[in-house]
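# Survey of secondary and tertiary structure
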Amino acid sequence: LSDDPSATVRFFVADAIARLQGKSATAFLAKYLEDPDPSVRNGAVSHLSRLFGQTWKQDDKGVEAARTWWKQHQGDPEFKPKEPAPGSLPPSSR
């Protein structure tokens, strides 16, 4: 779904991941800063701004500011996706 041809689907996928995973979704959200659709890019900016206390606007300048921020922070360990704890997934999810 994260590569769905529909911008609406990509927007809501990013929204759901941000709400469920918080800061551990940073790398996932950062890829949407390169999305061809401005609503998806701006949605990523909105979530990243909220998660990290930034004041980026949802426009081209805000996208560029978020991209620059991500380039400076992408190696930080806190942004690595977290693996589910063993046994935390229901049997049907494994």
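Residues numbered from 1 in each chain as written. Predicted model: local features only at pLDDT ≥ 70, side-chain atom pairs only at ≥ 80, totals over all residues. Heavy atoms only, no water.

## A closer look at the confidence of the model for the chain
- The share of residues in the chain with pLDDT of 70 or more is 82%, and the mean pLDDT across the chain is 83.
- By mean pLDDT, helix α1 (residues 7–21) is the weakest element of the chain at 85, and helix α4 (residues 60–73) is the strongest at 95. (pLDDT = per-residue confidence, 0-100. Helix = DSSP H or I, 4+ residues; strand = E, 2+ residues; numbered from the N terminus.)

## Some words on helix α3 (residues 38–52)
- Here α3 contains 15 residues, and its C-alpha end-to-end distance of 21 Å stays within 8% of the 21 Å for a straight helix at 1.5 Å per residue.
- With eleven of 15 residues buried, α3 lies mostly within the body of the structure.
- Every buried residue belonging to α3 is among Val40, Arg41, Asn42, Gly43, Ala44, Val45, His47, Leu48, Ser49, Leu51 and Phe52, and all of these are buried.
- Where the residues of α3 are buried, they touch α1, α2 (26–31) and α4.
- Just past α3, the residue Gly53 takes up positive phi, approximately 65°. (Expected span 1.5 Å × (residues − 1). Buried < 20%, exposed > 50% of the residue type's maximum accessible area, 1.4 Å probe, protein only. Contact = heavy atoms within 4.5 Å.)

## Observations concerning the packing of α1 against α3
- Relative orientation of the contacting elements α1 and α3 amounts to 10°, with a least axis distance of 9 Å. One element, α1, and the other, α3, form an angle in the roughly parallel class. Seen from α1, the contacting residues are Ala7, Arg10, Phe11, Ala14, Asp15 and Ala18; seen from α3, they are Ser39, Val40, Gly43, His47 and Arg50.
- Residues belonging to the contact of α1 with α3 are distributed by class as follows: five nonpolar, three polar and three charged. (Axes fitted to C-alpha atoms, helices over the stretch in contact; angles between N-to-C directions. Parallel < 35°, antiparallel > 145°, perpendicular 65-115°, else oblique. Nonpolar A, V, L, I, M, F, W, Y, C, P; charged D, E, K, R; others polar.)

## Topic: the packing of aromatic side chains
- All told, the structure shown has five aromatic pairs when counted by the stated rule.
- Arranged with centres 5.4 Å apart and planes meeting at 70°, the rings of Phe28 and Tyr32 form a pair that is edge-to-face.
- The partly exposed category is assigned to Phe28, whose relative accessible area is 25%.
- Ring centres of Phe52 and Trp69 lie 4.8 Å apart, and the angle between their planes is 40°; on these two criteria the pair is classed as tilted. Within this pair, whereas Phe52 is found in helix α3, its partner Trp69 is found in helix α4, the two being separated by 17 residues in sequence. (Phe/Tyr/Trp six-rings, centres within 6.5 Å; stacked < 30°, edge-to-face > 60°.)

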